[in-house]
Every structure is written in C-alpha cells, then in structure tokens.
Amino acid sequence: MASCVLEAPLRMSVLSEVTASSRHYVDRLFDLDPQKVLQGVIDMKNAVIGNNKQKANLIVLGAVPRLLYLLQQETSSTELRTECAVVLGSLAMGTENNVKSLLDCHIIPALLQGLLSPDLKFIEACLRCLRTIFISPVTPEDLLYTDATVISHLMALLSRSRYTQEYICQIFSHCCKGPDHQTILFNHGAVQNIAHLLVSTSYKVRMQALKCFSVLAFENPQVSMTLVNVSVDGELLPQIFVKMLQRDKPIEMQLTSAKCLTSMCRAGAIRTDDSCIVLKTLPCLVRMCSKERLLEERVEGAETLAYLIETDVELQRIASITDHLIVMLADYFKYPSSVSAITDIKRLDHDLKHAHELRQAAFKLYASLGANDEDIRKKIIETENMMDRIVNGLSESSIKVRLAAVRCLHSLSRSVQQLRTSFQDHAVWKPLMKVLQNAPNEMLVVASSTLCNLLLEFSPSKEPILESGAIELLCSLTQSENLALRVNGIWALMNMAFQAEQKIKSDILRGLSTEQLFQLLSDSDVNVLMKTLGLLRNLLSTRPHIDHIMSTHGKQIMQAVTLILEGEHNIEVKEQTLCILANIADGTTAKELIMTNDDILQKIKYYMSHSNAKLQLAAMFCISNLIWNEEEGSQERQDKLRDIGIVDILHKLSQSSDPNLCDKAKTALQQYLA
C-alpha cells in the first residue's frame, strides 16, 4: 500500500501531544478481532464529526492507508467497509490539505473499485465520499475520466437509489469542465439517463440533475439541440425548465434553470424571440440582480444575463428597460458598504470577498447592454459616477475586474458622442494605455479594440495617446502570433493615420519597417491584408505626404502593389490596391513612379476592361489622376497612355450601360480634347 505524503514534518514535541489524544483510535484499526476493529472505526467516525483538528491528527498518524486497506479487503465485512468509507468521507470534509492527503494515498481508484460491490449501502457511502472529494477545488477532474468504464458504470448506478442519483449528478456537474468532458458524458447517454431525474420526488435529486444540464449545455450546441427535443412524462425539457423558473421555486433552482435556457438560446436551440426567453428567462435573471438577493446570487444573475443578451440587440433593449436594471446595477459598486463595516465584522468579510465579483459582473452586464444601442450607452454613462468607476476598474488588482472594465469601456467606446464627451472628460486613455503594457492576450485583444475606437479621427483622445508611445506599442502588436491582435494593431494604426500630419505618418512607417509591412501584406488573413491596405491608403493622402512617402518608400510600395495585383485576391482587396495607386497618381512627383513602370500601366489597362465594375472604376481613377490637364507634364503622360491603348478603352467605356463608368470615361476623354 502506498504510504501517504505528509504535508509538513511536525516537530517531535508537537507530535507527541497530538499522539497522546488520538493514537488509540489508529491503534485499534490494527486489532486482530474484526469486531473491535469495527467498533474502533465507528468511534473514530464519532470523534471526527465537525472536528477539523482531530481529522488532521488522524491523517498525520497514518489512519488513511489503514482505512483504505480495510475498505479494499475482501475479508472485511460489508459493514466495516461501509464505515471506513464514511470516515474517509468525513476526513475529506475537512480542509483542502486533508483532501490532498487522501488523493496522495490513491483514494479515488479504491473508492471507484468499491462501486463494483453488490451492496447498495456500501456503494452509497463510496459515492458520498467520492462526491466530497470531487467537489474540492484541489481534485483534478480528469481523475474521473482515466478509465472509460467508470462513466458507464456510474450511469448504470443512477437507477439504484435517490442517493446514488444525487451524488452521481453532483460528481458529473463538478467534473464536467469544457467540451471534451461534455462529449464523453453526452456519448455515454447522460441526457437520457438524467432527464427523468428532473421530475424526481426528491428536491436534491431534481436540483443536482438541473445543475448537470446547466454544465452539459454550456456553450455546447450538440447538447443544447438534443435537450430541446427530449421529453419527460410527455413534457418537453424547455417547458420543465420554465416551470422551475417560477417565483415560488427556490432561488438556486430558478437561477440554474435560467442558465440552462440561456445556454440553449445562445447555442441556437431556442430562438431569442421565444416567449420562454423574453417573458420568462430574461425577467427571472433581472430579478436576480435586485437588492433583495444574496450577493452571490446577484453575481450569477448578472453574469448569466450578460451572456444571454450579449449578441442580440432586441434582448439588450428589453433588458435595459426591465425593472430599472441600469440603475439597479449601480448598486453593485457599493460593497463593502460603510455601514456593514461598523456593525458586523463577519458581514464585512463576506462583502469584501464578493465586492470584486460584483464589480466584474456589473461591468460585464453593462458591456452587453451597451453593445449596440446608442441610447442605452448614454443611459449607462449617465448612471452615477460610471466613468470614474470604469477608470478605477482599469487599475484594480484583480485581473478579472480589469478585463470586465475594459470590455465595458470597449462597448461604450463604439459611441461617437461618448468618445467626444465623457471619454475626453475622464481621460480614459491613460489607464487604458497602462492596461496595454504586458497584459495577457485576452485583455490585449479587448483593450486594443478600444484603442482603435479612441484613435478615430473625431476622437479628441487621439493626440495624447500618440504622445504616450502608442505607435511603438501598436507596431509590436502587428507582429503578434495572435490573429486578433495583428488585426487590431494594424486597424488602430490605420485609424491613427487617417487625416494625420506628416510627422505621425513618418513615425508609423518608421515604427513598422518595410519588412513588417511586406509581412502584413502577405498575411494569410484577409482582414489583416485589408487593414494594411487601408493604412497605406491613409498614409498616401494629401499631395505633399504622398510625394514625401513615395520619395522614401516608393520602390517598396510599388513592389507591394504589383504583388497584390498579381496574386489570387478577392475583389475588395484588388479594389483597395487600385485606390492606393490612384492616390499615388495624385502626387506631383509620385506620378512618375507609375509612368515609368510599364508593368503597372499594363495592369491598370487590364483592370479598365475587367468584368467587375468596381475594379474598372478604381482603375479609371488612376488614369484620371495621371492625365489631368492643369498639371505639369500632363501632355507627355496623355501621349504615353494613348500609345498603350488607353484612349480606345475610354471610348468603349463612354458607351457603357453603367452610368458611373460612362461619366468617368467621358470626363477623362475631355482632358484629351482640352
């Protein structure tokens, strides 16, 4: 038998005191008379109930390996084996260190083996102990899945008694973390085996079965789509869940069934406009946010509601006008309250523990509420001290609160009006730039999206952000392995370059480097490519800028344009590239880079006769800019373009049925006649 690993070697003097009072319990486990051993285990059971010190003493004295040995011995009576399982379960109820000690002694395989016994009382004791161990945060969930036969056996035991049902459902709901576990349980018939338990006469069984469904369905379309069509006693599961949402049901039941319906709705198994969502689930979750509820219920209610409405505009609107939700959430920031601090130290401790969870939940829900609707955003920002709360949230010690605050800021930053007012008054860019320093990717993605919005032309934050070193930061994001970060980095630079002064444009080009620009232009993701072309187009606007940039980077930019026009790209990409060429053609000296490049001229000619009108139009812009009369050297350019057959194409296009093309061609031809 493997011996237990002791947590920390106790000093001898301490050990002898401990030993004196507890040693006789352990000694009796080694008695030769089975009756005395049984009595010893029963006495031990009574000694450890509710006594954490006694539990720790017995573990230190090595009771666990002996109890496990007795539990596994074929010669032990069923009564003895059952009592051993009960004592082990009691030891597991103590501290996390107790659970670690039990795991070190390989308790889980021993208990799982015990489930093969024919004796129901012994099976229940083993399951109760397994349940206690698996709900501890120190137990790895994967221990349940190491042997494939275990899950099938647990499914088979579900029919044995209400206790096996309660404990097994509890084990499943605690050990189901992520899609792999969901799939294993689903494939072993979890839905069919657990569904009928929702109508059990035992509340505990109903509740544990409900919890099972809430973790099985979470972000899982396969499970959600199956649940919609399952019926128990002639009633479909969604209808059963709706009954469990009613106000007369216990709060944990209301909340958990709301979570089931939310997951099914987000997975597309229930429509967002279905009455069970609009009239039942959403109002139930809003109720959970009210002051009457316990802090932990308010956290869960707000987080679930945020998830339910996250992607649906109509649900966001309905939620925003239900029970004054926006004002109700402001209360989430008032913990720990000063009153509770004076009157009740236990209450203060509880409030402190939940305070950051409450703030995180409120930020998440505000982010969902304000995701699409300008009026809702305005209401949120006008809620008392909202911007100050977000700014404070951005610098909190808890990373989860910081992330939720950034999400909330991002949602509100979609509003042009707010970017010009509240965001400016509170200088939110300062803490945001701080958040962007060495943050984890998940945080970086949302923070950099927010920065993109703060860098839009009409946002007054643009200047100070530039001064605080944003260019360097954004250029480094464009080199990230993470696609979303590359997109956001280049997108923010594109916004930054829009109508910017020449110095900023030069700084961007310097910061990016030509190599990096080429890297981005050959990125496999079309989003990155489009944003990079957008950046180039913004850099190459206004004549002096075009000429300046083309004088320093002309060769490389022309190379990039050629590459893209020759590559296998979609219409949008090619159109954007031709627009860049049209901007270059608008430069004074930059024009020459096109006129001396026969390859590019042939490409422009090719696109003038393309089957897609957008590309024809973009190519025509290039030609118009090259032949414009009032500009120096226009005569030579017109002659050269006539020689390569451009005028013939213009004549053809002036007969086009597309009014845009027709007008553009006629205007161009007039330049030749002037």
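Keep in mind that this is a model prediction, so the values were computed, not measured.

Reading the values: the criteria
- Residues numbered from 1 in each chain as written.
- Predicted model: local features only at pLDDT ≥ 70, side-chain atom pairs only at ≥ 80, totals over all residues.
- Heavy atoms only, no water.
- Helix = DSSP H or I, 4+ residues; strand = E, 2+ residues; numbered from the N terminus.
- Rg over C-alpha atoms; globule rule 2.2 N^0.38 Å.
- Buried < 20%, exposed > 50% of the residue type's maximum accessible area, 1.4 Å probe, protein only.
- Contact = heavy atoms within 4.5 Å.
- Areas by Shrake-Rupley, 256 points an atom, 1.4 Å probe, with all protein chains shown as cover.
- UniProt positions renumbered as here; feature names shortened; annotations may be inferred.
- Core = buried A, V, L, I, M, F, W, Y, C linked by side-chain atoms within 4.5 Å.
- 1 Å grid on protein atoms, 1.4 Å probe; cavity = no way out; pocket = protein on both sides within 12 Å on 5 of 7 lines; lining within 4 Å.
- Points joined across faces, edges and corners; volume = space filled by probe spheres on them.
- Arc of directions from axis to C-beta.

### Some thoughts on the overall build of the protein
Alright, step 1. Across its full length, the protein carries 43 helices and two strands.
Alright, step 2. The C-alpha atoms of the protein give 35 Å as radius of gyration, which overshoots the globular expectation for 674 residues (26 Å, by more than 25%).
Alright, step 3. Counting only C-alpha atoms and orienting by the principal axes, one finds that the protein spans roughly 120 × 55 × 50 Å.
Alright, step 4. Classification of the 674 residues of the protein by burial places 55% in the buried group.
Alright, step 5. Here the contacts in the protein between residues at least 6 apart in sequence split such that 67% fall between residues at least 24 apart.
Alright, step 6. In the structure as shown, the protein presents an accessible area of about 30,400 Å², 52% of it carried by carbon and sulfur atoms.

### Points about the UniProt feature "repeat: ARM" (unreviewed entry) in the protein
Alright, step 1. UniProt records the feature "repeat: ARM" (unreviewed entry) for residues 62–98 in the present numbering.
Alright, step 2. In the segment residues 62–98, helix accounts for 76% and strand for 0%; the C-alpha atoms at its two ends are 12 Å apart.

### Some remarks on the side chain of aspartate 331
Alright, step 1. Residue position: aspartate 331 is located in the loop between α20 (325–330) and α21 (338–343).
Alright, step 2. Owing to a relative accessible area of 9%, aspartate 331 belongs among the buried residues under this scheme.
Alright, step 3. When near neighbours in sequence (up to four residues on either side) are disregarded, aspartate 331 contacts Lys291 and Arg298.

### Details of the nonpolar core
Alright, step 1. The biggest cluster of nonpolar side chains holds 239 residues, and the ones touching the most others in it are Leu369 and Leu581.
Alright, step 2. Beyond its immediate stretch of four places on either side in the chain, leucine 581 contacts Met558, Val561, Leu565, Ile594, Ile600, Ile604 and Cys622.

### As for empty space enclosed by the protein
Alright, step 1. Applying the stated criterion across every chain yields a total of one cavity of 30 Å³ or more.
Alright, step 2. Here the largest cavity is characterised by a volume of approximately 50 Å³.
Alright, step 3. Together, Leu509, Thr514, Leu517, Phe518, Leu521, Leu536, His553, Gln556, Ile557 and Ala560 line the largest cavity.
Alright, step 4. Those elements that place two or more of their residues in the lining of the largest cavity are α34 (514–521) and α36 (543–566).

### What about helix α19 (residues 313–320)?
Alright, step 1. All of the buried residues along α19 are Leu315, Gln316, Ala319 and Ser320. Angularly, the buried residues of α19 cover 135° about the axis, an arc narrow enough to put them on a single face.
Alright, step 2. The inward-facing, buried residues of α19 abut α17 (275–287), α18 (295–309), α20, α22 (345–369) and α23 (374–381).

### Here we look at the layout of surface pockets
Alright, step 1. Each pocket or cavity is described by its volume, and for the largest pocket that value is around 1,400 Å³.
Alright, step 2. Taken together, 39 residues form the lining of the largest pocket, with Phe218, Glu303, Thr304, Tyr307 and Lys364 sitting closest to its centre.
Alright, step 3. Tallying contributions element by element places α18 first for the lining of the largest pocket, with eight residues.

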